[in-house]
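# A look at the structure
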Amino acid sequence: MSESGTSAAAPEAAPRITVLGTGYLGATHAICMAVLGFEVLGVDVDQAKLDRLNAGQVPFFEPGLPELLVKALESGKLRFTSDYAEAGAFGDVHFLCVGTPQQSGSNAADLRYVESAITALAPHLARRALVVGKSTVPVGTAARLTGLLNALAPAGEQVELAWNPEFLREGYAVEDTLRPDRLVFGVRSAWAEERLRTVFEPVIEQGSPVVVTDLNTAELVKVAANSFLATKISYINAMAEVCEVAGADVHQLADALSYDTRIGGRFLRPGLGFGGGCLPKDIRAFAHRAEELGVGQAVAFLHEVDAINRRRRSRTVDLVRELAGGSLEGARIAALGAAFKPNSDDIRDAPALDVARMLQEGGAAVRVYDPEAMGNAQRAYPSLEYAQSTLEAARDADVVVLLTEWTEFREIDPEMLGAVVAQRKVVDGRHALDPAAYRAAGWEYRALGRP
Ligand SMILES: NC(=O)c1ccc[n+]([C@@H]2O[C@H](COP(=O)([O-])OP(=O)(O)OC[C@H]3O[C@@H](n4cnc5c(N)ncnc54)[C@H](O)[C@@H]3O)[C@@H](O)[C@H]2O)c1
């Protein structure tokens, strides 16, 4: 490829791209690829989602993405459809971005969406094409799907499967797609690598390094990365458990550890732990897959990482109960946050809503507020009470509990918040508030792992 650019100037004779699955990952990928100048067709089975995307509405909260969607649609380079025949005829490179949730009743990944997308696409692949998996899958999946793809595609072995795991973070999805820390190309041929280098040329030109691997390694990179991050979070939360009993302060401990450049401070913030549509299910699926492969012992620690993480939720409930005077029965609780993390409306396996649910089960009246995740939260937990603002949630509360560290919660004035509550008692589930400021305003302040 001779020429490239970053704005509406894809390489000459650029491959046409399809993106199968237009959720958090796929919609972002499709929109960004179109903004980079490629012709892109997004494919999904959810017609309501497609209608919204075609109308210029991003169906989830992601900063910066709505503007890019409008730009991409206006450029004429992006469309969305449910028609796999159209996708097969259109695309030279097909990105697979469907969900791989946890199976119900098992820790394994549910691969039915991946399989159904391949099964739907393959019969329409009549010429040489590259299918590129981005979804997070158990190691060995791509090797297995290659057989399925070749068997079902009219073009047979001319259709190749590669794996390009995705590392984007919700809340920073645009930046992470356009300027990723690294690109991993799991390929079986020089042709597949060349195709991927062409598609990602504008990104590579920005300086993102490329690591070329085989299929199995590419699949493993993703789950290994998420396992490491989850372990780091649970590590500091395990220290918080020790601090609680020993009468030490995990916040200071984490701060002191972070100056060691071998350790670093990122993902070392103690608190309520991780959730979302990735880390919890990915570490479980990885442990499950390792057991299938007979190396379960090697990653058995991931079960402990998961257990530590879950204990943070029940321990947060304990702290609220203590502040409520020993019983949750009839206590009025303001729950600040519902999304699994700030700058997202994603509530999949959200610690915040898990805690809110447990508080309610304990007999408390729980009123939830989140800047962006209210719709999703209300649909998933209709029995909780919802407020339209922080102050409305906090009105007459016996205890305020911070569950997602949105900036608007961090920055609230403790005096102003104190003016509306029944009692100035706060549990800082995310180590996000300033204890000195709260105590100065007469609040009883508690946080996991702090005296
Ligand atoms: N969300 C993230 O931050 C993130 C980051 C990295 C990797 N991933 C991985 O990416 C994958 C997708 O995650 P997500 O968060 O975007 O999920 P999601 O649930 O938001 O999106 C999945 C989409 O796939 C669609 N779909 C299901 N079956 C389909 C089919 N047969 N054909 C076409 N579309 C179909 C669904 O309707 C949905 O729109 C997962 O494997 C996830 O682990 C996600």
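Reading guide: rules and limits
Residues numbered from 1 in each chain as written. Predicted model: local features only at pLDDT ≥ 70, side-chain atom pairs only at ≥ 80, totals over all residues. UniProt positions renumbered as here; feature names shortened; annotations may be inferred. Helix = DSSP H or I, 4+ residues; strand = E, 2+ residues; numbered from the N terminus. Rg over C-alpha atoms; globule rule 2.2 N^0.38 Å. Buried ≥ 20, exposed ≤ 12 C-beta atoms within 10 Å, placed from the backbone. Contact = placed C-beta atoms within 7 Å. Domains from an automatic or database assignment. Nonpolar A, V, L, I, M, F, W, Y, C, P; charged D, E, K, R; others polar. Pairing = 2+ DSSP bridges. Near = placed C-beta within 6 Å. Core = buried A, V, L, I, M, F, W, Y, C linked by C-beta atoms within 7 Å. Expected span 1.5 Å × (residues − 1). Axes fitted to C-alpha atoms, helices over the stretch in contact; angles between N-to-C directions. Parallel < 35°, antiparallel > 145°, perpendicular 65-115°, else oblique. Left-handed = near helix turned anticlockwise from the far one by under 90°.

The protein chain appears in an unreviewed UniProt entry as UDP-glucose 6-dehydrogenase from Actinocrinis puniceicyclus. UniProt lists a comment for the protein chain under the heading Catalytic activity (unreviewed entry), and it reads "UDP-alpha-D-glucose + 2 NAD(+) + H2O = UDP-alpha-D-glucuronate + 2 NADH + 3 H(+)". Under Pathway (unreviewed entry), UniProt gives the following word-for-word description of the protein chain: "Nucleotide-sugar biosynthesis; UDP-alpha-D-glucuronate biosynthesis; UDP-alpha-D-glucuronate from UDP-alpha-D-glucose: step 1/1."

Here we come to the overall build of the protein chain. Looking only at helices and strands, the protein chain has 19 helices and 14 strands in total. Radius of gyration (C-alpha) of the protein chain: 24 Å, near the 22 Å computed for a compact globule of 451 residues. By principal-axis analysis of the C-alpha atoms, the protein chain measures approximately 70 × 50 × 40 Å. Out of the 451 residues in the protein chain, the part that is buried amounts to 50%. Pairs at least 24 residues apart make up 71% of the contacts formed inside the protein chain by residues separated by at least 6 positions.

Next up on the list: the domain arrangement of the protein chain. Per the domain assignment, the segments making up the protein chain are domain 1 (17-213) and domain 2 (229-447). Taking only C-alpha atoms into account, the centre of domain 1 sits 33 Å from that of domain 2. Taken together, the contact pairs 14 residues of domain 1 with 15 residues of domain 2. When grouped by side-chain class, the residues that make up the side of domain 1 that touches domain 2 number nine nonpolar, four polar and one charged.

As a further point, take the sheet that holds strand β11 (residues 385-386). As a general point, the strands of a sheet are linked pairwise by backbone hydrogen bonds and lie either parallel or antiparallel. Strand order in this open sheet of six strands is β11-β10-β9-β12-β13-β14, and the pairing throughout is parallel. The two strands at the open ends of the sheet, each matched to only one other strand, are β11 and β14 (444-447). Bridge count between strand β9 (residues 332-336) and strand β10 (residues 365-369): five bridges; the pairing is parallel. Looking across to β10, one finds that Ile 333 is bridged to Val 366.

The local shell around the ligand holds 27 residues, among which Gly 21, Gly 23, Leu 25, Ser 135 and Thr 136 are the closest. Residue classes in the shell around the ligand are distributed as 12 nonpolar, 10 polar and five charged.

Inside soluble globular proteins, nonpolar side chains tend to come together where they are buried. Counting 91 residues, the largest nonpolar core has Leu 20, Ile 31, Ala 34, Val 40, Leu 96 and Ala 162 as the members making the most contacts within it. The dominant element in this core, judged by the number of residues it contributes, is helix α10 (residues 215-246), at 11 residues. Formed jointly, this core draws a minimum of three residues from each of two domains, domain 1 (17-213) and domain 2 (229-447). Counting residues in hydrophobic clusters, the runner-up holds 46 residues, among them Ala 338, Tyr 369, Trp 406 and Val 421.

This paragraph deals with the UniProt feature "domain: UDP-glucose/GDP-mannose dehydrogenase C-terminal" (unreviewed entry) in the protein chain. When the UniProt feature table is mapped onto this chain numbering, "domain: UDP-glucose/GDP-mannose dehydrogenase C-terminal" (unreviewed entry) sits at residues 334-435. Here residues 334-435 runs as 34% helix and 18% strand, with 18 Å between its end C-alpha atoms.

Taking 1.5 Å as the rise per residue, helix α1 (residues 24-35) with 12 residues should run 16 Å; its terminal C-alpha atoms sit 17 Å apart, in good agreement. Of all 12 residues in α1, 12 are buried, a share of seventy percent or more. Every buried residue of α1 is accounted for by Tyr 24, Leu 25, Gly 26, Ala 27, Thr 28, His 29, Ala 30, Ile 31, Cys 32, Met 33, Ala 34 and Val 35. One or two steps after α1, the chain reaches Gly 37, where phi turns positive at roughly 115 degrees.

The residues that UniProt annotates with the feature "binding site: NAD(+)" (unreviewed entry) are Asp 44, Lys 49, Thr 100, Thr 136, Glu 170, Lys 281 and Arg 348. Spanning 305 residues, the named residues do not form one spatial group; their C-alpha atoms are separated by as much as 23.8 Å. Within the secondary structure, Lys 49 is located in helix α2 (residues 47-54). We classify Lys 49 as buried; it has 21 C-beta atoms within 10 Å. What Lys 49 contacts, discounting residues up to four positions off in sequence, is Thr 22, Asp 44 and Pro 59. Discounting chain neighbours no more than four positions away, the residues touching Arg 348 are Gly 276, Gly 277 and Phe 340.

Our focus in this paragraph is the packing of α1 against helix α3 (residues 65-74). It is at 9 Å that the axes of α1 and α3 come closest, and there the two elements cross at 55 degrees. On the basis of the axis angle, α1 is oblique to α3. Here the hand of the crossing between α1 and α3 comes out left-handed. Across from Thr 28, Ile 31, Cys 32, Ala 34 and Val 35 in α1, the residues of α3 making contact are Leu 65, Leu 68, Leu 69, Lys 71 and Ala 72. The residue makeup of the contact of α1 with α3, split by class, is eight nonpolar, one polar and one charged.

Bringing unusual backbone geometry into the picture now. Backbone geometry follows two general trends: most residues other than glycine have a negative phi, and most peptide bonds adopt the trans configuration. A positive phi angle, near 65 degrees, is found at Phe 267, a position not held by glycine. Relative to the helices and strands, Phe 267 resides in the loop between α11 (250-258) and α12 (279-292). Using a count of 14 C-beta atoms within 10 Å as the deciding quantity, one classes Phe 267 as partly exposed. Positive phi is not limited to glycine here, since Asn 343 has a value of about 65 degrees. Judged by the 20 C-beta atoms lying within 10 Å of it, Asn 343 is buried.

On to the pairing of strand β12 (residues 399-402), then. Here β12 shows no split at all, with Val 399 and Val 401 on one side and Val 400 and Leu 402 on the other all buried. Pairing between β9 and β12: four bridges, direction parallel. Of the residues in β12, the one forming a bridge with Leu 336 is Leu 402. Where β12 and strand β13 (residues 425-428) come together, three bridges link them in parallel fashion. By the bridge assignment for β13, Leu 402 is matched with Asp 428.

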